[in-house]
There are 2 protein chains.
Amino acid sequence: MEKQYAIGIDMGGTNTVVAAVDRRGMIAGRKSIKTGCAGSDINQFIEILSKTIQEVITDASASGEVVGIGIGAPCANFTTGVIEAATDLPWPSPIPLKEMIEKATGLKTAVTNDANAAAAGEMSYGAAKGIDNFIMITLGTGVGSGIVCNGVLLTGKQGFAGELGHCSVRRDSKRECRCGRIGCVQTYCSASGVTRTALELMADKLWPSELRNIAPADLTSKMIYDAALKGDRIAVETMRFTGEILGECVADFASFTDPEAIILFGGVANAGELITIPMKDAMEKNILHLYADKIKILTSTLPQEEAAILGAAALAWSL
Amino acid sequence: MEKQYAIGIDMGGTNTVVAAVDRRGMIAGRKSIKTGCAGSDINQFIEILSKTIQEVITDASASGEVVGIGIGAPCANFTTGVIEAATDLPWPSPIPLKEMIEKATGLKTAVTNDANAAAAGEMSYGAAKGIDNFIMITLGTGVGSGIVCNGVLLTGKQGFAGELGHCSVRRDSKRECRCGRIGCVQTYCSASGVTRTALELMADKLWPSELRNIAPADLTSKMIYDAALKGDRIAVETMRFTGEILGECVADFASFTDPEAIILFGGVANAGELITIPMKDAMEKNILHLYADKIKILTSTLPQEEAAILGAAALAWSL
């Protein structure tokens, strides 16, 4: 039998990564484009994306052996194939993504929520292997989540289960969320949430910091992480506070599904113990006794962006 | 074939109700005892409970035809049969309830969380019939919940999924919860939470109220509901605030499981629209756009305490 490939696509707020994946989860080739490369013109983006898919197929020498395409994207609904009301993408919603990609490529396509795709990938190949009850939290441009109970990914009535980034963590906050609400987890724990905390600390504290030399528009969570590693006090406190907020949230999330593990994923999670140590402290301090000392905090063991690609590709095998 | 019965028991913080239930969910006989009737002596309580079970069996003329016992109780774990760390019961935890009841009665016994039992009952016979994604919230001595996704009741790693009453709704609150934490949903929306809100309003406001003539130890949520029906301003505002808090919480709960309905159950839910109208308002005001106008707020259609009994009895049929 010829070797077969699925195309896995991870569409994030910043980058869209396309890869050819074989049945064992090995990635044969990959390319990345900017999600905003065509501005708000979705038709032009689909054109660029189709070309990229073709290049990946050619590079992997996978032509004629591609079974289909699986896509993980924010607010993408597996049931309808539509991206509905995504606040982290440059195009106006709704976007009939499945239909558009099928028309452009001639390949069968399935779409799902990016965080759900990451959870599926982590369950098959990563830190969640053998864990039947976990919550995957993706800390990237937005904050997403995939909730697995008894080995099954929760989907919900409409297909929108697991939008934990939009739970309220500070009801009296002034932080505006792109969803139109105030004080969502995402306004604190996404990449831009981290930079907002650094700005707030620079406003409140007199501490000197190298971050004060960077224009807010240029400041990234990676810069803050790097500064924290060098002991910059604003940066260290920013990471600690991010972990603390996350720990407070997760203490409540535990009351839903009694998980065995929380798995962190995405750019902000790369800060590792700078986040997970204060997170664990805050979680145990705020958690109901039933769950105390029972929940592991893990970070993804898959290379960055690979979990979502593997999870998305896995969709394609069942088309 | 002889007619068979299961014994369903609903053990709440205040009352424990025992009933004989046939396969069609008809209740043939029932008795209620006070959960605190033996103080903190669990052995004496089990003795009284066994006697009550025997009386119910005799009254229903069900002797010899009882297949087993199902019990819904706070913090009861279906997997282990043990009540672990219940803050709403008069006895020290853990309590090996399944083992104790089997020994005392000679009947096979299964236990589960009281809210999960109510959700199971509501799904089989009540308001949740035909609804595959819902959250049942029990507003009684405590606040419990049963979460159903794709027709399956969530249990979680340890068996403790659905403790939504202990999510934090006011992190800056001074309200102490019996769980040892501050600002849990339960401190606002349980029966005693409602009376605490009334006391707080009597402290803050100058409004005259008949509730001011009742000693706090004697004040019940039922009295407040009755006063609200008569237009007592403290009472009306208490019910409105209770609904508002509940709506804020449910707006966040929606982000977990994308439910089709929230089903309210228990004493406080008897206030009906005095709670559900402000609850719906607050829910829609605080909810993520994906869920806006999608979630029904229902109140249990089963007679008070019947859902938990029916759900608990249903456990016994599969023993």
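Predicted, not measured: the structure shown is a model, and the values here were computed from it.

Concerning the relation of the copies chain A and chain B
Relative to chain B, chain A is turned by 180° and slid 0.0 Å along the rotation axis, the superposed coordinates differing by an RMSD of 0.0 Å. Taken together, the turn and the small shift mark the pair as related by a two-fold rotation axis. The rotation axis passes nearest to the C-alpha of Phe256(A) in chain A, at a distance of 4.0 Å. Of all interface residues in chain A, 100% are interface residues in chain B too; the two copies therefore contact each other through one and the same surface.

Section: helix H3 (residues 114-125) of chain A
Residues and elements named next belong to chain A. End to end, H3 covers 16 Å across 12 residues, agreeing with the expected 16 Å (1.5 Å per residue, within 8%). The set of residues buried in H3 consists of Ala115, Asn116, Ala117, Ala118, Ala119, Gly121 and Glu122. Residue Asn113 occupies the N-cap position of H3, its side-chain oxygen lying 2.8 Å from the main-chain nitrogen of Ala115.

Some details on the confidence of the model for chain A
Overall, the predicted model of chain A reaches an average pLDDT of 92, with 98% of residues at or above 70. Across the interface, the model reports ipTM at 0.82; the global pTM reads 0.85.

Quick word on the packing of aromatic side chains
One pass over the full model with this rule turns up 7 aromatic pairs over all chains. Between the aromatic rings of Phe45(A) and Trp91(A), the centroid separation amounts to 4.6 Å while the plane-to-plane angle is 45°, which identifies the pairing as tilted. Of this pair, Phe45(A) sits in helix H1 (residues 42-59) while Trp91(A) sits in the loop between strand E6 (82-83) and helix H2 (97-105), and the two are 46 residues apart along the sequence. Trp91(A) carries the same exposure label as Phe45(A), and that label is buried. An aromatic cluster of three or more residues is present, and its members are Phe253(A), Phe256(A), Phe253(B) and Phe256(B).

Here's the deal with the packing of helix H7 (residues 233-257) of chain A against helix H8 (residues 273-286) of chain A
For any two helices packed against each other, the geometry comes down to the angle between their axes and how far apart the axes lie. Residue and element names in this part refer to chain A. Where H7 contacts H8, the axes come no closer than 7 Å and their chain directions differ by 40°. It follows from the interaxial angle that H7 and H8 lie oblique. Viewed along their axes, H7 and H8 form a crossing whose handedness is right-handed. In this structure, H7 contributes Met239, Arg240, Thr242, Gly243, Glu244, Leu246, Gly247, Glu248, Val250 and Ala251 to the contact, and H8 contributes Leu274, Ile275, Pro278, Met279, Ala282, Met283 and Asn286. Here the contact of H7 with H8 is composed, by residue class, of 10 nonpolar, 4 polar and 3 charged.

Details of the sheet that holds strand E7 (residues 109-113) of chain A
Strand pairing in a sheet takes place through backbone hydrogen bonds and is either antiparallel or parallel in direction. Residue and element names in this part refer to chain A. One open sheet holds the 5 strands; their spatial order is E3-E2-E1-E4-E7, and the pairing between them is mixed. Strands with a single pairing partner mark the edges of an open sheet, and in this sheet they are strand E3 (27-34) and E7. Shown here is a sheet whose adjacent strand axes are inclined to one another by a mean of 15°, direction ignored. In terms of strand pairing, strand E4 (residues 66-73) meets E7 through 5 bridges, oriented parallel. Counterpart to Ile71 in the pairing with E7 is Val111. H3 contacts strand E1 (5-11), E4 and E7 of the sheet and is inclined by roughly 100° relative to E7.

Definitions and cut-offs
- Residues numbered from 1 in each chain as written.
- Chains lettered and ligands numbered in written order.
- Predicted model: local features only at pLDDT ≥ 70, side-chain atom pairs only at ≥ 80, totals over all residues.
- Heavy atoms only, no water.
- Least-squares fit on C-alpha atoms with pLDDT ≥ 70 in both.
- Contact = heavy atoms within 4.5 Å.
- Helix = DSSP H or I, 4+ residues; strand = E, 2+ residues; numbered from the N terminus.
- Expected span 1.5 Å × (residues − 1).
- Buried < 20%, exposed > 50% of the residue type's maximum accessible area, 1.4 Å probe, protein only.
- Polar contact = N/O pair within 3.5 Å; in protein donor to acceptor, adjacent residues only side chain to side chain.
- pLDDT = per-residue confidence, 0-100.
- Phe/Tyr/Trp six-rings, centres within 6.5 Å; stacked < 30°, edge-to-face > 60°.
- Axes fitted to C-alpha atoms, helices over the stretch in contact; angles between N-to-C directions.
- Parallel < 35°, antiparallel > 145°, perpendicular 65-115°, else oblique.
- Left-handed = near helix turned anticlockwise from the far one by under 90°.
- Nonpolar A, V, L, I, M, F, W, Y, C, P; charged D, E, K, R; others polar.
- Pairing = 2+ DSSP bridges.

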